[in-house]
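# Per-entry structural report
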Amino acid sequence: MLAKRIIPCLDVDKGRVVKGIKFFDHRDAGSVEECARRYEQQGADELVFYDITASHENRDLTVNVLSKASEQVFMPLTVGGGIRTIDDVRLMLSSGADKVSINTAAVLDQNLIKRSALRFGSQCIVLAIDANRVMKDGIEKWEVFINGGRKPTGIDVMNWVRKGRADGAGEIVLNVMNADGTKKGYDLEMTAAVSEEVDIPVVASGGAGDPEDMYQVLTRGKAEAALAASIFHFGQYSIQQTKQYLHNKGIVVRLDYQVQPISRN
Amino acid sequence: MIGIIDYGMGNLHSVLKAFEHVGADVEIITSAAQIDAADKIVLPGVGAFQDAIRTLHEKELAAAIIESVRSGKCFLGICLGLQLLFDVSFEDGEHQGLGIIPGKVKRFDFSTHPHKDILKIPHIGWNSLKMRNGCPLYREVADGSFVYFVHSYYVVPDDSSVIATTTEHGIEFVSSIHRENLFATQFHPEKSQRVGLQMLANFASL
């Protein structure tokens, strides 16, 4: 049976890992390779590298980081942040990424997901969404934000999810900004609504404070995978502890990752 | 020398690095002559079946691949490299494959499945292997090991004796095959951490 995935997200700035509380204020969490190796040893199911500043100089650093990581850790790698064109997607895939996560550019160029999926296959195109609960005329709306959560788009989250699926995205990462970095739990309601809407996997992001939050989003939130940064980077919970907790509560997770030497004959 | 065929479909970098990591003598190859010269062949690949098979024919690699398998050379297909070995794929129409393994390639269809609400396509993530036929690729790999998958289509061989492992995702599907010198996996050993590296080491030492 398909295991639920636990995915640490490494927010990368100038080749270092940082992760902010509530999106804007960042703290240093170590070198990327150090983090990648640590997470592989702990049994992370996948790694996400997220280039938070996404400038051109930074993109070259990200390519470098990705290419080094892919020589050292043998697990799925996703890269996001600053992906604007088909050429960016190609560059990341050829630098060792298995999946490329597209967020702002999917809004600015509403054919990018479709063209990328046709060219490289749905399996490597991830639609990442920064969603926010906003009040408009006394009614709550779920709205898509871009530019690292700074700019509202007026786009409804559920419409955006349907379009992403129709255009051939292979996976959706839903980051709910109201919850992000608060460690008060994922937005279960929005995550479940998105997951019920589409038949592609939905990865929950934003708000993990402890393994119980992950349990909740993988059950009530109907997510296929839980992404988190702060709770892992600063050593509050290891991935092993988290997976053991989920396993004890009856969730199928991959536990056979112990690093043993490879037998050569 | 193990030759990894580069025909422009997907991430060869990881396959190359994973083989190097286990100490194998490995090279990227791009021509029929190089396929003939290599001791073992790896056919990786992600993306569309139609593009892949067309490219293999255009670059005149298809005949060389068929001949290398026939000659008894050890061969490893990965993901699309498994599906391409079959007679026919129903991915976006109907397309002829290399015809090395009798059978077809079908899409997961959960439209009438009792658990259709929770079964996602693509099948992405770590799933376990149920081993069938004592395949040497899985020496030192425990039954039930988790490996990494990312695909929407799966193979249905006519002859069930080629089935090396099966995996459960809504249905029990064929996750790898083995026939004599021929090995092919739907999952990605190069992305499956220690378990996958062990398989590549096993292939290298065959």
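Just above sits the structure.
Residues numbered from 1 in each chain as written. Chains lettered and ligands numbered in written order. Predicted model: local features only at pLDDT ≥ 70, side-chain atom pairs only at ≥ 80, totals over all residues. Heavy atoms only, no water.

What helix α6 (residues 157-167) of chain A keeps buried is the set A:Val157, A:Met158, A:Trp160, A:Val161, A:Gly164 and A:Asp167. Within two residues after α6(A), A:Gly168 carries a phi angle of roughly 105°, on the positive side. (Buried < 20%, exposed > 50% of the residue type's maximum accessible area, 1.4 Å probe, protein only. Helix = DSSP H or I, 4+ residues; strand = E, 2+ residues; numbered from the N terminus.)

A few words now on the state of the cysteines. All names here are of chain B. Counted under the stated rule, the structure contains zero disulfides over all chains. For the unlinked cysteine Cys74, the closest cysteine sulfur is that of Cys135, found at 11 Å. Given the relative accessible area of 18%, Cys74 is considered buried. (Disulfide = S-S within 2.5 Å.)

In this model, B:Ile121 is joined to B:Pro122 through a cis peptide bond whose omega is 0°. Considering the arrangement of structural elements, one finds B:Pro122 in the loop between β7 (101-107) and β8 (123-128). Phi is positive for A:Lys222, close to 55°, though the residue is something other than glycine. Summarising the element assignment, A:Lys222 is placed in the loop between α8 (211-219) and β12 (225-228). Relative accessible area serves as the criterion here: at 37%, A:Lys222 is assigned to the partly exposed category. Despite not being glycine, B:Glu60 has its phi angle at roughly 55°, a positive value. Note that B:Glu60 resides in the loop between α3 (49-58) and α4 (62-70). The exposure class of B:Glu60 is exposed, given its relative accessible area of 61%.

On to the interface of chain A and chain B. One widely used convention gives an interface's size as the accessible area the parts lose upon coming together. Residue-level contacts link 44 residues of chain A with 41 residues of chain B. On the surface where chain A and chain B come into contact, there are two salt bridges. Summed over the shared surface of chain A and chain B, the number is 14 residue pairs in polar contact (both at pLDDT 80 or more). Top contributing element to the side of chain A that touches chain B by residue count: helix α2 (residues 56-72) of chain A, with three residues. Taken together, the residues of the side of chain A that touches chain B break down into 20 nonpolar, 11 polar and 13 charged. (Contact = heavy atoms within 4.5 Å. Salt bridge = Lys/Arg side-chain N within 4 Å of Asp/Glu carboxyl O. Polar contact = N/O pair within 3.5 Å; in protein donor to acceptor, adjacent residues only side chain to side chain. Nonpolar A, V, L, I, M, F, W, Y, C, P; charged D, E, K, R; others polar.)

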